Amino acid sequence: MHSYPDASAVVRALAPDEPVILNRPQAAHRAARFFVEKFPGKSLYAVKANPSPDLLLALWAAGVTHYDVASIAEVRMVRATLPEATLCFMHPVKTAGAIAEAYKVHGVRTFSLDSQEELDKIVAATANADGQPAEDLALCVRLRVSSEYSELSLASKFGIDLADAAPLLQATRQVADSLGICFHVGSQAMTPFAYVQALERVRAAIVDASVTVDIVDVGGGFPSIYPGMEPPPLEDYFGAIHRAAESLPVSYSSELWCEPGRALCAEYNSIVVKVEKRRGDELFINDGAYGALFDAAHLGWRFPVKCLNEGRADADEEFAFYGPTCDDGDYMKGPFMLPADVAAGDYVEIGMLGAYGAAMKTAFNGFDAVHVVEVADEPMATQYRGDRRDPRVSDNVVSLR
Ligand SMILES: *Cc1c(COP(=O)(O)O)cnc(C)c1O
């Protein structure tokens, strides 16, 4: 893959008519080392945030050995890319065929579930030809927890309510070699308290069911940095999780897991787009809602932007973007801060698109052409540099919803 110092060098060399995705493997490596060294347990990379094989190889090289996969296509792809990796199938609703292939062909032993039906399905699909049940399953019961401290809820679709959890935990204990409890506090959790509160619910579930628990999996949700969303340092999350998990009534040999998606890959990608037209404070650019900017369109997520043309004014005016498709909904309201004199033909770098950005591109309306290169500079924001200011002592507004 071609490598450049930074986005400006890419524009000078290519003057690209199509969007260009910039990979920063060094940023993914740094994020992975941070989790491997500082999270007080095991870190599973949640592949759906960005399934790029190049990224998977960078994370593996940095010491991430476990991968949270959610579909049989992800199982196959990660197994093909990382033959030695441990795969954990953490989608609570799977097909019997997917479970059987994952277990029998790809060596998957860890599965999540949130219902008796799914438990029955897993037991049946992993039994051997004589109908003998598998004796090497690690089964994680997904508990429903609050998403109130996160920017993106994951509380409605999956997870068993605490009030109903005891029978399922007991039934799962009967067939599992290892019993886990997992949850997801929602993506971009803006305070460590989200995990502390969820772990209190885990405690109640364990006490209610009186079962021995071997794995406590706090899921994903670890935040990255975006305009208007500056979370506390990740060390605060790790410390709060460590203290809360230490006091749970679990066996001494129990394991603590987490499943970061966003936090491991947000800094991995940015994208260079071209301004095709300007209409007042609206810029028509060549990527959008059906490309890498799904969250900007559908969730109103703001990403950092930078005009790459020299000699422009200070970046202090608010702009909205239209993407390239013919759909009115291909609109990103921002606001995105760019120079007042930005014009058609200019190039803009949009940062922090490694998580749920590059992974979301579709071919709708024929706008799927994309070029990928590597760059060596820093991402537009980072959680992982020692000199990062602590937002609690700055004048930044932490957005808590
Ligand atoms: C999406 C997902 C993750 C990753 O979430 P992030 O907010 O990106 O960290 C982890 N675990 C499960 C089960 C998920 O569905």
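Residues numbered from 1 in each chain as written. Predicted model: local features only at pLDDT ≥ 70, side-chain atom pairs only at ≥ 80, totals over all residues. Heavy atoms only, no water.

The protein chain appears in an unreviewed UniProt entry as ornithine decarboxylase from Novosphingobium bradum. Regarding the protein chain, the relevant UniProt record gives this comment under Pathway (unreviewed entry): "Amine and polyamine biosynthesis; putrescine biosynthesis via L-ornithine pathway; putrescine from L-ornithine: step 1/1." Listed under Cofactor (unreviewed entry) in UniProt, the entry text for the protein chain is "pyridoxal 5'-phosphate". (UniProt positions renumbered as here; feature names shortened; annotations may be inferred.)

## Observations regarding the site of the ligand
Around the ligand, the surrounding shell holds 14 residues, and the nearest of these are K48, S187, E259, R262 and Y356. Within the backbone of G221, one N or O atom sits 2.8 Å away from an oxygen atom of the ligand. At a separation of 2.8 Å, an oxygen atom of the ligand approaches a polar backbone atom of R262. Protein coverage of the free-state accessible area of the ligand, which is 390 Å², stands at 92%. (Near = heavy atom within 4 Å. Polar contact = N/O pair within 3.5 Å; in protein donor to acceptor, adjacent residues only side chain to side chain. Areas by Shrake-Rupley, 256 points an atom, 1.4 Å probe, with all protein chains shown as cover.)

## Some words on the packing of aromatic side chains
Any pair of aromatic rings gets described here by the distance separating the centres and the angle formed by the planes. Per the counting criterion, the structure on display carries 20 aromatic pairs. Clustering of aromatic rings is evident, with ring pairs tying together F34, F35, F39, Y195, F222, Y237, F238 and Y384. In this structure, R109 packs its charged tip against the face of Y103, placed 3.8 Å from the ring centre. The side chain of K277 reaches across the aromatic face of F284, ending 4.8 Å from its centre. (Phe/Tyr/Trp six-rings, centres within 6.5 Å; stacked < 30°, edge-to-face > 60°. Lys NZ or Arg CZ within 6 Å of the ring centre and 35° of its normal.)

## With respect to the domain arrangement of the protein chain
Under the domain assignment used here, the protein chain contains domain 1 (3-22 + 269-375) and domain 2 (25-265). Once you take the C-alpha centre of each, domain 1 and domain 2 turn out to be 33 Å apart. Listed per partner, the contact involves 14 residues of domain 1 and 17 residues of domain 2. Together, the buried faces of domain 1 and domain 2 total about 1,300 Å²; carbon and sulfur atoms form 61% of this surface. Across the contact surface, domain 1 and domain 2 share zero salt bridges. On the surface where domain 1 and domain 2 come into contact, there are four residue pairs in polar contact (both at pLDDT 80 or more). Of the residues assigned to the side of domain 1 that touches domain 2, the class counts are 10 nonpolar, two polar and two charged. (Domains from an automatic or database assignment. Contact = heavy atoms within 4.5 Å. Buried area = accessible area lost by both parts, 1.4 Å probe. Salt bridge = Lys/Arg side-chain N within 4 Å of Asp/Glu carboxyl O. Nonpolar A, V, L, I, M, F, W, Y, C, P; charged D, E, K, R; others polar.)

## Regarding helix α3 (residues 53-61)
Among the residues of α3, those classed as buried are L55, L56, A58 and L59. Taken down its axis, α3 places every buried residue within 160° of arc, on the same side. In the core, the buried residues of α3 are packed alongside α2 (25-38), β3 (42-46), β4 (66-69), α4 (72-81) and α10 (262-265). One or two residues past the end of α3 sits G63, with phi positive at roughly 105°. (Buried < 20%, exposed > 50% of the residue type's maximum accessible area, 1.4 Å probe, protein only. Helix = DSSP H or I, 4+ residues; strand = E, 2+ residues; numbered from the N terminus. Arc of directions from axis to C-beta.)

## Quick word on unusual backbone geometry
The residue after G334, namely P335, is reached through a cis peptide bond having omega 5°. Within the fold, P335 resides in strand β17 (residues 331-338). Unlike most non-glycine residues, A15 shows phi in positive territory, near 35°. Position of A15 relative to the elements: it lies in the loop between α1 (7-14) and β2 (20-23). According to the relative accessible area criterion, A15 is partly exposed, its value standing at 48%. A positive phi angle is found at S210, which is not glycine, with a value near 45°.

## What about the sheet that holds strand β12 (residues 255-258)?
As summarised here, the arrangement of the eight strands in space is β3-β4-β5-β6-β7-β9-β11-β12, forming a closed barrel in which the pairing is parallel. Taking each pair of neighbouring strands and ignoring which way they run, the sheet shows an average axis angle of 25°. Strand direction decides the pairing type here: β4 and strand β5 (residues 86-89), joined by four bridges, are parallel. In the sheet register, H66 faces β5, and the bridge partner there is T86. Each of β6 (110-113) and β7 (138-142) touches helix α6 (residues 116-126); the most contacted strand, β6, lies at about 155° to it. (Pairing = 2+ DSSP bridges. Axes fitted to C-alpha atoms, helices over the stretch in contact; angles between N-to-C directions.)

## Some details on the pairing of strand β13 (residues 269-279)
Alignment of β2 against β13, held across four bridges, turns out to be antiparallel. What sits directly across from L22, in β13, is S270. In the sheet, β13 pairs with strand β18 (residues 347-350) via four bridges, with the strands oriented antiparallel. Directly across from K274, in β18, lies its bridge partner Y347. Bridging between β13 and strand β14 (residues 282-285) involves four bridges; their strand directions are antiparallel. Opposite V275, over in β14, you have I285 as the bridge partner. What sits between β13 and β14 in their antiparallel hairpin is a turn of two residues, with G280 showing a positive phi close to 65°.

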